[in-house]
There are 2 protein chains.
Amino acid sequence: MADPSTSPPLTRASVAAARELIKPFVHRTPVITSTSLSALASGTDAGADAGKANPKLRLWFKCENFQKVGAFKARGAFHAIERLKQEPGWLEGGGPEKGVVTHSSGNHAQALSLAARANGIPAHIVMPRISAPPKIAATKGYGARVIFSGSTSVEREAATAQVVEDTGARLVPPYDHPDIILGQGTLGLEFQEQVEELMMAAEEEEEEDGKEEGAGKKKKAGSRRGLDAIIAPCGGGGMLSGVALSCEGTGIRVFGSEPSFQGADDAKRGYESGTRVEAVSSLTVADGLRTPLGRIPWSVIYERRLVSGFYSVSEADIIRALRLAYERLKVVVEPSSAVPLAVALYNEDFRAMVEREAGEDGWDVGIVFSGGNVSLEALGKLFSESPEMAK
Amino acid sequence: MADPSTSPPLTRASVAAARELIKPFVHRTPVITSTSLSALASGTDAGADAGKANPKLRLWFKCENFQKVGAFKARGAFHAIERLKQEPGWLEGGGPEKGVVTHSSGNHAQALSLAARANGIPAHIVMPRISAPPKIAATKGYGARVIFSGSTSVEREAATAQVVEDTGARLVPPYDHPDIILGQGTLGLEFQEQVEELMMAAEEEEEEDGKEEGAGKKKKAGSRRGLDAIIAPCGGGGMLSGVALSCEGTGIRVFGSEPSFQGADDAKRGYESGTRVEAVSSLTVADGLRTPLGRIPWSVIYERRLVSGFYSVSEADIIRALRLAYERLKVVVEPSSAVPLAVALYNEDFRAMVEREAGEDGWDVGIVFSGGNVSLEALGKLFSESPEMAK
């Protein structure tokens, strides 16, 4: 990883520069909508309950499940390597032969392996010996060298340090680095642009037809075109802080979302108490969000107040939202991706806030679907244990 | 349904006219690709087995799982109603008040209900009393009146005839009608157009970069741009025959695909023997393809030879292909949609034919993902019973 002191400043312009750097390597993933989910979120589907918030929400989904390696992590990994290539002396010092290293058993390991392979440099991935065989196979499938370690963080870090000593490889951490944050933030810039394009296309179509068509398509009176808010999942916070940077100065509010189970809402607790929570031990179904918030993400999210607030949801609500993503949107997403959708649909604090702030016009809310890497066996179990609800 | 004698001729031009009629009401669903699935289909992923065919296949997927009501059936249903509206006397004779009727418990019922509601006319849907409650709820959710009947086709037809007598509603059959065939065929026109657009965009990008990038992107020497073939699933044959019409005169070959289980490959057997098979009784996992081929589809597919051949696949291969759609493409499709993908990946006759016909250049093959309506419980069961394979 490039020395953080040489990283560009954490600004919206730096996210735009990161986007130019990684453009040839990552997908501009699609943004999708659903009339039925927007209706459901607006409480007009099943009818509003007395005493419950009844906000107007038009939902937009950024599908990073369709990203390379099936998750937004490809953005940060490709950016980290592009930045390394720009670092004075890295090339001359034999950097490309020494390669990169990280410890991870998840999407970041696969993303770094792919980015390294695309650049013809070796990737060393430290994984706990007890990792699931399909995850090990997938990482090896991207051409990485897998080094096994014990399961504690001390053992993993020791094994990683050993790899650095043996090979001279550069460490690429999963989220707590400016280059990773700027890379992940590129999804936020795309999201803003794509929603504006889609809104413009819909308006042109309406003008061509010379009539308004159907309900729920009313334009916001006198307000600008585009998103009003984005809700992103928050684990280590690399992506959430990057998205927050991508929205700086635009007026788009960014919210973090977390599972509440067994204290996985560490970022929310830290944000509200003013002190970062440094350890989490939760077995939430949203397994991408079991990580505590990193130090640099915290500085963006809390100290610079670029995130407007956090909302947490129960395991049951995450599974309900996950089910809707499959049934209504027909997309394969991992449980972590269902967390921001669950906030929009079921978190009464969030919904009351939108009703209060947005009024009659409602809000266009962007939901980040962070990834789609899920074991079909685990998924099968999840859905057969939570019986289908009447629609 | 409009009197078939008043229907436009079954030609590519009529499919184009149908497309104009339904454009405001249906989605132009996306076409997606996957480097890893194309590599797998080309036998370069796991390495070619000795004695096995090793064709070059570049796969393109038309995602009708993202269509309204989650399946291509919306196209035929909206077209049927637009054609009714054009029928002399229908409007004046109180047609819109009398509405439409069909017997179906699947995607066609929901599609017709939606199309009727969008036009403000009543839909009467005859369903077996034993239909799954979520299917009944979904159909009612689209505003249809559901009439229960016994389960045999005699009982269902009697109930339907009774509805026609009571209400004067028009019968809209699921596939054996020119207007339905022309409506479904519109997906074929879009598919051709979209693949050409995507190929053109890729070529422009390569020219901008001023270099060839990565492997497997070689252009076909001297051949035209676009699809070489389309594989579509075949149940009643309304969609397959429509797609075949959309390709007439283009040089694109159209193939039908079916499950082989318990004789569900009725169209294949009929096509090869020269006599249409009129009854099927199979419990294949591809439940949308348990229907025998209709009379009018047969005339297009067999008598006019607009389909070049049929291929069938085992239940195990369908589930393997289904798993890949979820794992690699991250899309929710129903088992019937995995049948054409299973042909491309696992049917040795098909693969040997492509190797023989396409040679070094290979083929660009379009795969029709017909729909995404699947019970998550059934899916969960399917995936937990077929353990994950090593990649």
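Being a predicted model, the structure only gives us computed values, none of them experimental.

Draft legend 1. Local environment of the sheet that holds strand E2 (residues 57-63) of chain B. All names here are of chain B. A sheet is described by the order of its strands in space; here six strands give the open sequence E1-E2-E10-E7-E8-E9, paired in mixed fashion. Only two strands of the sheet have a single partner each, and these edge strands are strand E1 (31-33) and strand E9 (309-313). For this sheet, the mean inter-axis angle between neighbouring strands, taken without regard to orientation, is 30 degrees. Inspection of the sheet shows strand E7 (residues 229-233) paired to strand E8 (residues 253-259) by five bridges, in the parallel sense. For Ile-230, the partnering residue across the bridge sits in E8 and is Val-254.

Draft legend 2. Local environment of the pairing of strand E3 (residues 100-103) of chain B. Residues and elements named next belong to chain B. Residues Val-100 and Thr-102 point to one face of E3 and Val-101 and His-103 to the other, with burial holding for every one of them. The pairing of E3 with strand E4 (residues 123-128) spans four bridges and is parallel. When the sheet's bridge partners are listed, Val-101 is paired in E4 with His-124. Handedness of the E3-helix H5 (residues 107-118)-E4 crossover: right-handed. In this structure, E3 lies alongside strand E6 (residues 170-171), joined through two bridges in parallel fashion. In the strand pairing of E6, Val-100 is matched with Arg-170.

Draft legend 3. Local environment of the domain arrangement of chain A. Residue and element names in this part refer to chain A. Parsing chain A into structural domains produces domain 1 (4-68 + 178-385) and domain 2 (73-171). For domain 1 and domain 2, the distance between their C-alpha centres works out to 28 Å. Among the elements of the structure, helix H1 (12-22) and helix H8 (178-209) are those that each provide at least two residues to the side of domain 1 that touches domain 2.

Draft legend 4. How the structure looks around unusual backbone geometry. Residue and element names in this part refer to chain A. Non-glycine residue Val-69 carries a positive phi angle of around 55 degrees. With respect to the helices, strands and loops of the structure, Val-69 is situated in the loop between strand E2 (57-63) and helix H3 (73-86). Positive phi, normally seen in glycine, also occurs at Lys-330, with a value near 60 degrees. Tracing the backbone through its elements, the reader meets Lys-330 in the loop between helix H12 (315-329) and helix H13 (338-346). Assessed through the 25 C-beta atoms surrounding it within 10 Å, Lys-330 is described here as buried.

Draft legend 5. View of H5 of chain B. Residues and elements named next belong to chain B. With 12 residues, H5 ought to run about 16 Å at 1.5 Å a step, and its terminal C-alpha atoms sit 17 Å apart, in line with that. Taken across its 12 residues, H5 has 10 buried, putting it largely inside the fold. Three or more residues of H5 are buried, namely Asn-107, His-108, Ala-109, Gln-110, Ala-111, Leu-112, Ser-113, Leu-114, Ala-115 and Ala-116. Elements that come into contact with the buried residues of H5 comprise helix H3 (73-86), E3, E4 and helix H6 (133-141). Note on H5: the residue one or two positions beyond its end, Gly-120, has a positive phi of about 65 degrees.

Draft legend 6. Representation of the relation of the copies chain A and chain B in the model. Take chain A, turn it by 180 degrees, move it 0.0 Å along the axis, and it overlays chain B with an RMSD of 0.0 Å. Such a combination of turn and shift is consistent with a two-fold rotation axis. Measuring from the rotation axis to each C-alpha of chain A, the shortest distance belongs to Gly-380 of chain A, at 1.6 Å. Same-surface contact between copies: 100% of interface residues of chain A are shared with the interface of chain B.

Draft legend 7. Spotlight on the interface of chain A and chain B. Taken together, the contact between chain A and chain B spans 25 residues of the former and 26 residues of the latter. Sorting the residues of the side of chain A that touches chain B by element identifies helix H6 (133-141), H12 and helix H15 (376-385) of chain A as the ones contributing at least two each. With seven residues, the single largest contributor to the side of chain A that touches chain B is H15 of chain A. Class assignment of the residues belonging to the side of chain A that touches chain B gives a composition of 12 nonpolar, six polar and seven charged.

Draft legend 8. Spotlight on helix H11 (residues 295-303) of chain A. The set of residues buried in H11 of chain A consists of Ile-296, Pro-297, Trp-298, Val-300, Ile-301 and Tyr-302 of chain A. A positive backbone phi angle near 55 degrees is found at Arg-305 of chain A, which sits one or two residues after H11 of chain A.

Draft legend 9. Local environment of the confidence of the model for chain A. Residues and elements named next belong to chain A. Averaged over all residues, the pLDDT of chain A equals 91, while 92% of them reach at least 70. Per-residue pLDDT stays below 50 along residues 212-218; that stretch engages in six contacts with residues further than four places along the chain or on separate chains. In the model output, the complex is listed with pTM 0.91 alongside ipTM 0.89.

Draft legend 10. Structural detail: the sheet that holds strand E6 (residues 170-171) of chain A. Residue and element names in this part refer to chain A. With parallel pairing, four strands are arranged side by side in an open sheet as E5-E4-E3-E6. Edge positions in the sheet fall to strand E5 (145-149) and E6, since each of these pairs with one other strand and no more. Contacts between helix H7 (residues 153-167) and the sheet are confined to strand E3 (100-103), strand E4 (123-128), E5 and E6, with E4 contributing the most and set at about 160 degrees to the helix.

Draft legend 11. Fine view of the pairing of strand E10 (residues 363-369) of chain A. Residue and element names in this part refer to chain A. Most of E10 sits out of view: seven of its seven residues are buried. The side-chain alternation of E10 yields two buried faces, one formed by Trp-363, Val-365, Ile-367 and Phe-369 and the other by Asp-364, Gly-366 and Val-368. In this sheet, E10 lies alongside E2 in parallel orientation, the contact comprising seven bridges. Bridge pairing in E10 links Trp-60 to Gly-366. Pairing geometry for strand E7 (residues 229-233) and E10, over three bridges, is parallel. Bridging across to E10, Ile-230 finds its partner in Gly-366.

Criteria and cut-off values
- Residues numbered from 1 in each chain as written.
- Chains lettered and ligands numbered in written order.
- Predicted model: local features only at pLDDT ≥ 70, side-chain atom pairs only at ≥ 80, totals over all residues.
- Pairing = 2+ DSSP bridges.
- Helix = DSSP H or I, 4+ residues; strand = E, 2+ residues; numbered from the N terminus.
- Axes fitted to C-alpha atoms, helices over the stretch in contact; angles between N-to-C directions.
- Buried ≥ 20, exposed ≤ 12 C-beta atoms within 10 Å, placed from the backbone.
- Right-handed = clockwise from strand over helix to strand, strands pointing away.
- Domains from an automatic or database assignment.
- Expected span 1.5 Å × (residues − 1).
- Contact = placed C-beta atoms within 7 Å.
- Least-squares fit on C-alpha atoms with pLDDT ≥ 70 in both.
- Nonpolar A, V, L, I, M, F, W, Y, C, P; charged D, E, K, R; others polar.
- pLDDT = per-residue confidence, 0-100.

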